[in-house]
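Residue-level structural notes
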Amino acid sequence: MAKTDDNPLKNIIAHTKEYGYIYPSSEIYEGLSAAYDYGVYGSELKNNIKEYWWKSMVHLNENIVGIDASIFMHPTTWKASGHVDAFNDPMIDNKDSKKRYRADNLIEDYVTKIEAKINKEVDKAKKRFGDAFDEEQFRSTNPRVTANQQKIEDANSRLKSAMDSGELSDLKTLIEEVGIADPVSGSKNWTDVRQFNLMFSTELGSLAEGASKIYLRPETAQGIFVNFLNVQKTGRKKIPFGIAQIGKAFRNEIIARQFIFRMREFEQMEMQFFVKPGEEMHWYEYWKEHRMRWHKNLNLGDANYRFHDHLNLAHYANAACDIEYNFPMGFKELEGIHSRTDFDLKSHEQYSGKKLQYFDTQANESYVPYVVETSIGLDRMFLAVLSSALQEETLADGSTRSVMKIPPALAPVKVAVLPLVAKDGLPEKATAIMEDLKFDFNLQYEEKDSIGKRYRRQDAIGTPYCVTIDHDSLNDDTVTVRNRDTMEQKRISVAELKAELHEATSINRLLKQL
Ligand code: GAP
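Residues numbered from 1 in each chain as written. Predicted model: local features only at pLDDT ≥ 70, side-chain atom pairs only at ≥ 80, totals over all residues. Heavy atoms only, no water.

Remarks on the site of the ligand
Filter applied, for reference: We call a residue near a given molecule or strand whenever any one of its heavy atoms falls within 4 Å of it. Polar contact is the term for a pair of N or O atoms within 3.5 Å; when the atoms are in protein, one must be able to donate a hydrogen and the other to accept it, and sequence-neighboring residues count only if both atoms are side-chain atoms. For the accessible areas, the method is Shrake-Rupley and the probe is 1.4 Å, while residue cover comes only from the protein chains on display. Helix numbers and strand numbers start at the N terminus; a helix is a DSSP run of H or I with at least 4 residues, a strand a run of E with at least 2.
Taken together, 20 residues form the shell around the ligand, and within it Glu219, Glu253, Met263, Glu270 and Glu333 come nearest. At a separation of 2.8 Å, an oxygen atom of the ligand approaches a polar backbone atom of Leu334. Within the contact set of the ligand, an oxygen atom lies 2.9 Å away from a backbone nitrogen or oxygen of Gly377. Calculation on the ligand without its partners gives an accessible area of 560 Å², and the protein chains cover 93% of this total. Put simply, the parts of the chain that give the shell around the ligand at least two residues each are strand S10 (265-275), strand S13 (330-341) and strand S16 (370-377). Residue contributions to the shell around the ligand peak at six residues, all from S13.

Next up, the structure:
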């Protein structure tokens with residue numbers, strides 16, 4: 001496979017296709033734009049990420065329970081949640097290239113470019129001044145940097161006020177005034193900005209029966225809100241408590257792009273935490289810290305994460321931030337943490353006519369709880385893991401290897417069992433070992449090709465351990481265990497194998513570190 005160092009995302013796309021992680025959807029019909037299928041190893045990795053999230057939320061927290069709500073919901077749900085009226089993105093077309101964009105994204109990209117200019121300037125100065133360099137002072141006094149910083153602040157504040165007021169013409173004026181060009185054609189010939197609702201709709205029932213319009217859910221959260229009372233009562237939960245859910249969500253994104261980063265069908269892992277009004281900021285900080293710890297526990301590189309506070313708060317939020325990850329395209333949103341106030345429950349009360357309140361026995365009062373939500377895209381998490389995992393290494397002998405250094409607890413195949421040769425009783429010995437291990441690990445058996453080639457194939461898949469059975473194994477009941485990351489090999493007895501591999505690959509160990 002040809003690798004291009006300058007385009008890591010392209011490398012990930014090519015590698016994941018070649019090694020059975022992700023295929024373009026309906027590829028035999030030339031595929032469907034921005035739709036993907038998770039393959040032989042991708043489906044396993046996805047399940048392991050879900051397990052890590054679900055267990056950390058639901059099993060490790062006495063006061064969090066899970067549900068699995070349906071994708072179709074009563075259409076009034078989406079009126080109450082605000083999605084029918086306000087789940088819009090501002091859309092703009094370039095008249096020359098005929099390409100369509102999100103107007104706010106064009107402005108954000110413009111800001112990112114200026115930030116990059118500033119950082120370049122700072123890096124240059126750092127090199128010039130060496131140890132004597134005072135970055136803070138440089139940023140606040142260098143005329144080019146301060147002028148660019150001013151441009152960023154102006155653009156951000158005009159973007160925020162246009163988004164808050166819904167004045168779409170202000171977005172167009174801003175795009176024109178700062179001279180944003182179509183990234184494809186360079187043309188500045190723009191249409192007006194229009195609103196575009198992101199919900200997919202379909203009909204429930206046949207037309208003859210009088211079909212009604214329903215939506216594919218654009219977030220899993222509403223399935224949690226409408227079940228608030230059911231869960232609180234049947235789960236016998238006292239506030240504060242949380243409801244967690246993993247499931248598909250659908251958004252008719254104006255442009256779906258960057259592989260599995262932005263798709264029209266994707267999966268969310270969301271948790272709504274119901275708290276006493278007035279205590280939401282405490283829990284907002286609590287969940288920010290906990291979610292960041294969950295991420296960093298995977299060792300994908302602490303410097304790859306940062307918080308980003310929202311400038312434009314959604315209509316339901318009184319505080320919100322993203323956990324951003326340093327994807328191959330730069331820092332982008334991986335997870336959102338939102339303090340949603342009592343907006344959703346109150347609105348469902350109004351639209352349904354049902355009380356969605358909690359009786360607090362300690363305070364002897366009823367109230368509509370406030371909500372702090374954590375919402376992570378499973379596909380984005382998958383991309384974050386791949387972005388850090390895929391590496392091209394040059395070895396001591398000058399040869400190269402492609403290796404996926406996926407955290408062992410998340411790796412699709414935990415152990416490859418490899419008889420050195422496919423004869424002399426080695427396959428039978430390997431099979432006996434497999435029979436013993438298969439209840440604890442996802443295994444792979446391979447006897448074809450040289451052992452070196454088989455190691456390379458397992459490296460490319462991301463298998464953390466290879467167990468090799470050779471002629472000595474028949475006499476002394478020992479095997480060689482090869483570590484994917486260090487390539488070190490050690491001899492251990494078959495009796496110790498299960499416990500060693502378990503210690504090195506189990507999700508439980510990750511969970512205990514939290
Ligand atoms: N319930 C809140 C909510 O849905 P959001 O910020 O719109 O908030 C939460 O979405 C997460 O879902 C995002 O942080 C992102 O990881 C993921 N996500 C959103 N849109 C997506 C898309 N089109 N493709 C893939 N993931 C997406």
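A closer look at the sheet that holds strand S6 (residues 194-197)
This is how the line gets drawn: Strands qualify as paired when DSSP identifies two bridges or more between them. Angles run from 0 to 180 degrees between N-to-C directions of axes, and those axes are lines fitted to C-alpha atoms, restricted for helices to the stretch in contact. For this analysis, residues touch if any pair of their heavy atoms sits within 4.5 Å.
Strands sit in the order S5-S4-S6 across an open sheet of three strands; the sheet is antiparallel. Each of the sheet's edge strands pairs with one partner strand only, and the pair in question is strand S5 (100-102) and S6. Between one strand and the next, the sheet's axes are offset by a mean angle of 45°, whatever the strand orientation. For strand S4 (residues 88-93) and S6, the ladder comprises four bridges, and the chain directions are antiparallel. When the bridges of S6 are listed, Pro90 appears paired with Gln195. The strands that helix H5 (residues 103-129) touches are S4 and S5; relative to S5, the one it contacts most, it runs at about 70°.

Examining helix H17 (residues 494-505)
Two residues of an α-helix separated by three or four positions point the same way, owing to the 3.6 residues in each turn. Our working definition: One fewer than the residue count of a helix, multiplied by 1.5 Å, yields its expected span. Note on exposure labels: buried denotes an accessible area under 20% of the residue type's maximum, exposed denotes more than 50%, and partly exposed covers the range between, all computed with a 1.4 Å probe on protein chains only. Think of it as the arc spanned by the lines of direction from the helix axis to the C-beta atoms.
Along its 12 residues, H17 runs 17 Å from first to last C-alpha, staying within 8% of the 16 Å computed at 1.5 Å per residue. Along H17, the residues classified as buried are Val494, Leu497, Leu501, Ala504 and Thr505. All buried residues of H17 lie within an arc of 75° about the axis, which places them on one face of the element. Opposite the buried face of H17, by more than 90 degrees, sit the exposed residues Ala495 and Ala499. Here the buried face of H17 lies against strand S19 (415-419), helix H14 (426-437), strand S21 (465-469), strand S22 (478-483), strand S23 (489-493) and helix H18 (507-513).

Quick notes on the nonpolar core
Our working definition: Put simply, a nonpolar core is a bunch of buried Ala, Val, Leu, Ile, Met, Phe, Trp, Tyr and Cys residues held in one set by side-chain atoms that sit within 4.5 Å of each other. Start and end points for every domain follow an automatic or database-based domain assignment.
Counting residues in hydrophobic clusters, the biggest one holds 62 residues, and the most contacted among them are Tyr21, Leu45, Ile49, Trp53, Phe382 and Ile406. The dominant element in this core, judged by the number of residues it contributes, is helix H13 (residues 378-389), at eight residues. A domain-level breakdown of this core finds at least three residues from each of domain 1 (46-72 + 213-388) and domain 3 (413-512). Those residues within four positions of Leu45 in sequence are excluded, and the remaining contacts are Tyr21, Phe382, Val385, Leu386, Ile406, Leu410 and Pro412. Counting residues in each nonpolar core, the second largest holds 25 residues, with Tyr101, Ala103, Ile118 and Leu174 among its members.

Digging into the domain arrangement of the protein chain
Counted only if it meets this: Buried area counts how much accessible surface, traced with a 1.4 Å probe, disappears from two parts once they are put together, with both parts' losses summed.
With domains assigned, the protein chain is organised as domain 1 (46-72 + 213-388), domain 2 (91-197) and domain 3 (413-512). If you average the C-alpha positions of domain 1 and of domain 3, the two centres end up 39 Å apart. The interface of domain 1 with domain 3 comprises eight residues on the first partner and five residues on the second. Across the interface of domain 1 and domain 3, roughly 560 Å² is buried in total on both sides, 70% from carbon and sulfur atoms.

A look at the packing of H5 against helix H8 (residues 168-177)
Spelled out, the test is: Should the near helix be turned anticlockwise from the far one by less than a right angle, the crossing is termed left-handed; should it be turned clockwise, right-handed. Classification convention: Asp, Glu, Lys, Arg as charged; Ala, Val, Leu, Ile, Met, Phe, Trp, Tyr, Cys, Pro as nonpolar; all other residues, Gly among them, as polar.
Relative to each other, H5 and H8 sit at 35°, their axes nearing to 10 Å. You can see that H5 and H8 cross each other, and the crossing is left-handed. The residues of H8 that touch H5, namely those facing Ala103, Leu106 and Ile107, are Leu171, Leu174 and Ile175. When the residues that make up the contact of H5 with H8 are grouped by side-chain class, the tally is six nonpolar, no polar and no charged.

Structural notes on the environment of Ile451
The topology assignment puts Ile451 in helix H15 (residues 451-461). Judged by relative accessible area, which is 22%, Ile451 ranks as partly exposed. Considered as a pair, Ile451 and Leu420 are 31 residues apart in the sequence and their alpha carbons are 6.4 Å apart.

Side note on the pattern of salt bridges
Note the cut-off: For this document, the term salt bridge refers to a Lys or Arg side-chain nitrogen within 4 Å of an Asp or Glu carboxyl oxygen.
Considering all chains together, one arrives at 40 salt bridges under this definition. Taking the shortest distance from any N to any O, the salt bridge between Glu219 and Arg340 comes out at 3.3 Å. Here Glu219, found in the loop between strand S8 (212-215) and helix H9 (221-225), pairs with Arg340, found in strand S13; they are 121 residues apart in sequence, far enough to count as distant. The same class applies to Glu219 as to Arg340, namely buried. Look at the salt bridges and you will find they share partners, linking Glu393, Arg401, Lys405, Arg456, Asp459 and Arg482 into a network.

Quick look at the packing of aromatic side chains
Note the cut-off: A pair of aromatic rings is counted whenever rings of Phe, Tyr or Trp (Trp by its six-membered ring) have centres within 6.5 Å, and the orientation is called stacked for planes under 30 degrees apart, edge-to-face for over 60 and tilted otherwise.
Going through the model one piece at a time under the given rule, you end up with 22 aromatic pairs. Summarising the aromatic geometry, the rings of Tyr36 and Phe259 are spaced 5.0 Å apart at their centres and angled 80° between planes, so their arrangement reads as edge-to-face. In this pair, Tyr36 sits in strand S2 (residues 36-38) while Phe259 sits in the loop between strand S9 (241-250) and S10, placing the two residues 223 residues apart along the sequence. The partly exposed category is assigned to Tyr36, whose relative accessible area is 26%. Considering the side-chain rings of Tyr101 and Trp190, the 5.9 Å spacing of their centres and the 80° angle between planes classify their relative orientation as edge-to-face. Of this pair, Tyr101 sits in strand S5 while Trp190 sits in the loop between H8 and S6, and the two are 89 residues apart along the sequence. One aromatic cluster is present, formed by Tyr21, Tyr38, Tyr41 and Phe382 through successive ring pairs.

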